[in-house]
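Fold and geometry: a report
The residues making up each chain are set out below.
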2 protein chains.
Amino acid sequence: MKQIEFKPIGIIHSPYKKMKGTPIQSSAVKEIEGTIEIFPEYVEGLSDLDGFSHIQLLFYFHLSKKFKLKVKPYMDDQFRGVFATRAPSRPNSIGLSIVNLIKIEGNILYIKNMDMIEGTPLLDIKPYVSKFDDANVKKIGWLENKIHKLPKTKDDGSFLKL
Amino acid sequence: MKQIEFKPIGIIHSPYKKMKGTPIQSSAVKEIEGTIEIFPEYVEGLSDLDGFSHIQLLFYFHLSKKFKLKVKPYMDDQFRGVFATRAPSRPNSIGLSIVNLIKIEGNILYIKNMDMIEGTPLLDIKPYVSKFDDANVKKIGWLENKIHKLPKTKDDGSFLKL
């Protein structure tokens, strides 16, 4: 099937400069702040966004060059199917984070709950709306007995070696 | 900035054959079923996914050819910045839906809460985990007084005209 081409709409600026030590989920890092620089040609599309307290960021895991179909997640010691994980080494390396939008000044978004690395290319922004995005979840698979590890788990650099 | 290339990992099969009349959010269509055909070379990556009741699908709005930075959302009568909406006509036309995973048989996923159109190319699957994905939302901007319209709002085909 033919390839699909996307072009970054901005760049994420983060206090995390390398993969190792970067938090693995935005929900684990409530207070970490960062900014997003939107390229001037897309700024008009930011109108009305400042009314939302939370936004979804779709970004490109630009440091993840190869993918594997079985990966060992940060919070587990067994290999799992990559689609049952949030590992960056995916066939299409798209990341998804929900962050708290503090304010917008011109082409700069000020955000909290930063779990991306410096220089990450941004692909899309969507408003987070509980009615659309909160699921009535019954089962969380292999994470059931691991999720308590979330607050303490950081990127250990292992996906760089894939 | 340079382009990023993605390749579909599968195809979404839906009872909705055209944009007009397709639901606009998966949360509005609890009972609509569909299937996802994963291409054989990616099936190994589905391991462990059946433990999750809900999954996030990232897909390509393949019918949306052009984008506009201001759009009139289905549930509103005013133009809004595209990043403050879920409109398909985005600079990078990536869609995000949370669906209920019923079962997996070989390379076929059986899902509920289908709001995609037949033939939609699938880019990624991630497990939905409340702890990662439910935000403590304070403000939903322009949607505040519109969201009651969600159960009755369908695609009216307007984004085809963009």
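The structure this text deals with has already been given above.
Residues numbered from 1 in each chain as written. Chains lettered and ligands numbered in written order. Predicted model: local features only at pLDDT ≥ 70, side-chain atom pairs only at ≥ 80, totals over all residues.

**Regarding the overall build of chain A**
Of the regular secondary structure elements, chain A holds 1 helix and 9 strands. Secondary structure elements of chain A occur, N-terminal to C-terminal, as β-β-β-β-β-β-β-β-β-α. Burial status across chain A gives 49% buried among its 162 residues. A sequence separation of at least 24 residues applies to 77% of the contacts in chain A between residues at least 6 apart. (Helix = DSSP H or I, 4+ residues; strand = E, 2+ residues; numbered from the N terminus. Buried ≥ 20, exposed ≤ 12 C-beta atoms within 10 Å, placed from the backbone. Contact = placed C-beta atoms within 7 Å.)

**Regarding the pairing of strand β8 (residues 108-112) of chain A**
All names here are of chain A. Along β8, the buried face is formed by Leu109 and Ile111; none of Ile108, Tyr110 and Lys112, which line the opposite face, is buried. Both strand β3 (residues 33-38) and β8 contribute to a ladder of 5 bridges, which runs antiparallel. In the strand pairing of β8, glutamate 37 is matched with isoleucine 108. As judged from the 5 bridges shared by strand β7 (residues 94-105) and β8, these two strands associate in the antiparallel manner. Each bridged residue has a counterpart across the sheet, and for isoleucine 104 the counterpart in β8 is leucine 109. From the end of β7 to the start of β8, which pair antiparallel, there are 2 residues, and glycine 106 there has a positive phi angle of about 65°. (Pairing = 2+ DSSP bridges.)

**Some details on the environment of valine 43 of chain A**
Residues and elements named next belong to chain A. Following the sequence through the fold, valine 43 ends up in the loop between β3 and β4 (54-60). C-beta crowding within 10 Å serves as the criterion here: with 18 such atoms nearby, valine 43 is assigned to the partly exposed category. Apart from residues lying up to four places away in sequence, valine 43 is in contact with Ile38 and Asn107.

**Remarks on the relation of the copies chain A and chain B**
Superposing chain A onto chain B requires a rotation of 180° together with a translation of 0.0 Å along the rotation axis, leaving an RMSD of 0.0 Å. Seen this way, the second copy is the image of the first under a two-fold rotation axis. Within chain A, glutamate 5 of chain A has its C-alpha nearest the rotation axis, a separation of 2.3 Å. Mapped onto chain B, 100% of the interface residues of chain A again fall at the interface, so both copies present the same surface. (Least-squares fit on C-alpha atoms with pLDDT ≥ 70 in both.)

**As for the interface of chain A and chain B**
Taken together, the contact pairs 61 residues of chain A with 61 residues of chain B. Looking at the side of chain A that touches chain B element by element, the count peaks at 6 residues for strand β9 (residues 120-127) of chain A. Looking at the side of chain A that touches chain B residue by residue, the classes come out as 33 nonpolar, 13 polar and 15 charged. Bridge analysis of strand β1 (residues 4-6) of chain A against strand β1 (residues 4-6) of chain B gives 3 bridges, and the strand direction is antiparallel. Residue pairing in the sheet places glutamate 5 of chain A in a bridge with glutamate 5 of chain B of β1 of chain B. (Nonpolar A, V, L, I, M, F, W, Y, C, P; charged D, E, K, R; others polar.)

**Considerations on the sheet that holds β3 of chain A**
Residue and element names in this part refer to chain A. What the 6 strands build is a closed barrel, ordered β2-β3-β8-β7-β4-β9; its pairing is antiparallel. When strand polarity is set aside, the average angle formed by the axes of neighbouring strands in this sheet is 45°. For β4 and β7, the ladder comprises 7 bridges, and the chain directions are antiparallel. Its bridge partner being in β7, histidine 54 is matched across the sheet by asparagine 100. (Axes fitted to C-alpha atoms, helices over the stretch in contact; angles between N-to-C directions.)

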